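# Inside the fold
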Amino acid sequence: MAFGTVLGIVGVPISGIETGIASSAIVLGLLILLAIRLPLWIACIIVGVFAIFHGYAHGTELPQAANPLAFIIGFVLATGMLHLIGIGFGLLLRWPAGKVAVRTLGGIISMAGIGFLFGIA
Amino acid sequence: LASSSASPERIAASGLLLAGSLVPQPALAHSSLPGIEGFYSGLVHPLISYHQLLALLGLGVMLGLGRTAWFGTAWLVFAAFAIVGMGTGLSGYLPADETAGLLLIGFLAATMAAIHPPGIFVLSVFLSALAGIFYGFTSVPDSGPMRNMIITLFGSFVGANLLLVYVGGGLNWFRNRFSGGWINIASRIAAAWIATISVSMAALILSSQ
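To start, this report covers the structure provided alongside it. (Residues numbered from 1 in each chain as written. Chains lettered and ligands numbered in written order. Predicted model: local features only at pLDDT ≥ 70, side-chain atom pairs only at ≥ 80, totals over all residues. Heavy atoms only, no water.)

### Brief notes about the overall build of chain A
Defined as follows: We count a stretch as a helix when DSSP gives it H or I for four or more residues in a row; a strand needs E for two or more, and each element gets its number in order from the N terminus. Note on definitions: a residue-residue contact is assigned when non-hydrogen atoms from the two residues lie within 4.5 Å. Each accessible area value is a Shrake-Rupley result obtained with a 1.4 Å probe; residue values ignore everything except the protein chains displayed when judging cover.
Of regular secondary structure, chain A possesses five helices and zero strands. Element order for chain A, N to C, with α for helix and β for strand: α-α-α-α-α. Principal-axis analysis of the C-alpha atoms gives chain A an extent of 45 × 30 × 30 Å. Contacts in chain A between residues far apart in sequence, at least 24 positions, make up 73% of those at least 6 positions apart. In the form shown here, chain A has an accessible surface area of approximately 7300 Å², with 77% of it arising from carbon and sulfur atoms.

### Here's the deal with a nonpolar patch on the surface
Residue and element names in this part refer to chain A. The line we're drawing: Patch definition: residues above 30% relative accessible area lacking any salt bridge, with like charges linked at up to 9 Å and the nonpolar side chains Val, Leu, Ile, Met, Phe, Trp and Tyr linked at up to 5 Å. Any Lys or Arg side-chain nitrogen located within 4 Å of an Asp or Glu carboxyl oxygen qualifies as a salt bridge. When accessible area is computed with a 1.4 Å probe and restricted to protein chains, residues below 20% of their type maximum are described as buried, those above 50% as exposed, and intermediate ones as partly exposed.
On the surface, L30, L33, L34, I36 and L38 cluster together into a nonpolar patch covering about 380 Å² of accessible area. Looking at the secondary structure, you find L33 in helix α2 (residues 17-33). A relative accessible area of 31% means that L33 is categorised as partly exposed.

### A word on the interface of chain A and chain B
Condition: We define buried area as the total accessible area lost by two parts upon association, computed with a 1.4 Å probe and summed across both. Put simply, Ala, Val, Leu, Ile, Met, Phe, Trp, Tyr, Cys and Pro go in the nonpolar bin, Asp, Glu, Lys and Arg in the charged bin, and everything else, Gly too, in the polar bin.
Contact with chain A, which involves 15 residues of that partner, is made by ten residues of chain B. Each partner contributes to the roughly 1100 Å² buried at the junction of chain A and chain B, and carbon and sulfur atoms together form 92% of this total. Across the contact surface, chain A and chain B share zero salt bridges. Counting only elements with at least two residues in the side of chain A that touches chain B, the list comes to α1 (2-10) and α4 (68-90) of chain A. Grouping the amino acids of the side of chain A that touches chain B by side-chain chemistry returns 13 nonpolar, two polar and no charged.

Below you can see the structure in the form of structure tokens.
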């Protein structure tokens, strides 16, 4: 995400940023819905590539921010907190009902991504 | 230091005690003692100057996650090179982008902390030296009588070293005192955040020139 943010700040042209962000929700949501456990290195690559799109979007907004430092701290902390929420929700996998809940949420995330991609959401 | 009682843990604990006895002053809204405004201004400078704070936090977490025996060496190297940087800055030489440079050094140190590869003693010392010299560059006051500038720089030197002891020594002490991987995980996550903020601000500074 840091790499993507720097690309956005310095203005390196990358097309399809919004598509990439929407695709990240679709792909990651589907992986959760289908309970696919990828090898760690493949998961890292997928997350890393999608993180570039997310970081880039923040980076392009940053130079216009009234207080860039506060903006950066805000999006870094917000991203971290969202990860923490996701990790916390993932702890539900210990229970059978929790597995259903987590997979259902994966489906909802994927559907939200589709909605975002086609301008419905 | 050579005696058995002066173990790295005891040195770190003593440093923390010293820091705790000195640092509460910055929590006050103004200088408690008239006449030390310059020193006080320098002392709190690493706390209110974001590029110095980020670099010292990144370096501190990197050193705190390293071996205890490394901390003292890296800290001394930082202190020595900070004096070199301050002296060089006072003599009139300052690089064009010292703020971005310090941010990038903080980014490298925080990235090393986040990745946490084994056996990076030489790299730790090298980054401590770079951080020290650029900290010195960025601490030099813009103008004023030489005596006042030196007093302010001395305060800045003390402030940086106290912050490094707080972060690096404190983290090292925590890791030695408490078991469990959560300290390492939390520190590495914090380091990744520091790295992201540092490199983003450095990119913003460099791209706006």
